[in-house]
Amino acid sequence: MAYWLIKSEPDTWSWDQHVKKGADSWTGVRNHQAKAHLQAMKKGDKAFFYHSNEGKEIVGVSEVVKEAYVDPTDKTNAFYAVDFKAIEPLKTPVKLTTLKSEKAFADMVLVKNSRLSVQPVTADEWKAIRKMGGLK
DNA sequence: GCCAACGTTGGC
DNA sequence: GCCAACGTTGGC
C-alpha cells in the first residue's frame, strides 16, 4: 500500500465538498510529475487531503477507489484522473507551518516542492502525520 | 498583493 | 537545442 498527498484550493474543491460527494474524480492535473504519481496509484491506496492557499493544512484522509484513467476534462488525452472517496477527517488539521518546524519533515515533498499537486508520502511521514492529526 | 519557484512556449 | 520570456502556483 502506498501513501499520497493531494492538494486542492478550498475555493475550488474543499474537503467538505469531497465528504459530501462521497467519491469524486480528481481531474485537471496538468503536470507530468503529478500525472506519473496518479498513474502509480492503486485501488485502496490512501491519500492526505491538503488545503492550499486557505488553511495550508492537511485536513483529511481519502482512498483511491478507481485507478488512473484518461482525464475527461483534458482534450489532448495526455493526462489522467483518479477517483477518491473521503475516509475520515483529521481530528486536528496538521498545518504546513507545523511540518516545516519539525525536522522529521524537512525532506517531505510538501515542504521541499510546494507546487507539486500530487505527491508521494513515505510510510513514516504518514504515521507521524496521522498521529499529529489525532488518528490512530 | 507580491514574488520565488517552476513549467512551458517560442524565437533564434 | 538553447534560453529568454511568460504564465501559473502557492507561500508569505
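Just so you know, the residues in each chain are numbered from 1, in the order the chain's sequence is written. Following the order in which they are written, the chains are lettered starting with A and the ligands numbered starting with 1. In keeping with the predicted nature of the model, local features appear solely for residues at pLDDT of at least 70, side-chain atom pairs appear and are counted solely at 80 or more, and the whole-chain, interface and lining totals rest on all residues. Side-chain calculation: all heavy atoms of the structure are included, whereas hydrogens and water are not.

Trainee: I'd like a description of helix H2 (residues 32-40), backed by residues and values.
Mentor: Type-normalised accessible area, obtained with a 1.4 Å probe on protein chains alone, sets the label of each residue: buried when under 20%, exposed when over 50%, and partly exposed for intermediate values. Runs of H or I in DSSP of at least four residues are treated as helices and runs of E of at least two as strands, each being numbered from the N terminus. By the burial criterion, the buried members of H2 are Ala-34, Lys-35, His-37 and Leu-38. Axial view of H2: buried residues confined to an arc of 160°, hence all on one face. The opening residue of H2 is Asn-31, an N-cap whose side-chain oxygen sits 2.9 Å from the backbone nitrogen of Gln-33. The arc in question is the one traced by the directions running from the helix axis out to the C-beta atoms. We call two N or O atoms a polar contact when they sit within 3.5 Å, provided that within protein one can donate a hydrogen and the other can accept it, with sequence-adjacent residues counted only if both atoms are side-chain atoms.

Trainee: Lay out the protein's contact with DNA strand C with the relevant residues and their values.
Mentor: Proximity is defined per residue: any heavy atom of the residue falling within 4 Å of a molecule or strand makes that residue near it. In the vicinity of DNA strand C, the contacting residues are Lys-7, Glu-9, Tyr-50, Ser-52, Asn-53, Lys-56, Leu-96, Lys-100, Ser-114 and Arg-115. Backbone atoms, meaning sugar and phosphate, make up 77% of the atoms of DNA strand C lying within 4 Å of the protein. Lys-7 places a side-chain nitrogen or oxygen 3.4 Å from a phosphate oxygen of DNA strand C. Residue Lys-100 places a side-chain N or O atom 2.8 Å away from a phosphate oxygen belonging to DNA strand C.

Trainee: Talk me through the protein's contact with DNA strand B; I want residue IDs and the actual numbers.
Mentor: In the vicinity of DNA strand B, the residues found are Asn-31, His-32, Gln-33 and Arg-115. Across the atoms of DNA strand B situated within 4 Å of the protein, the share located in sugar and phosphate is 42%. The contact in question runs from a phosphate oxygen of DNA strand B to an N or O atom on the side chain of Gln-33, over 3.4 Å. Its residues placed into classes, the surface near DNA strand B shows no nonpolar, three polar and one charged. Note that Gly is not counted as nonpolar here; it falls among the polar residues with everything else outside the nonpolar set of Ala, Val, Leu, Ile, Met, Phe, Trp, Tyr, Cys and Pro and the charged set of Asp, Glu, Lys and Arg.

Trainee: Report on helix H5 (residues 123-132), specifying residues and quantitative values.
Mentor: Buried within H5 we find Glu-125, Trp-126, Ile-129 and Arg-130. Take H5 and look down its axis: the buried residues cluster within an arc of 125°, on one side only. Facing away from the buried side of H5 by more than 90 degrees, the exposed set consists of Asp-124, Lys-127 and Lys-131. Within two residues after H5, Gly-134 carries a phi angle of roughly 90°, on the positive side.

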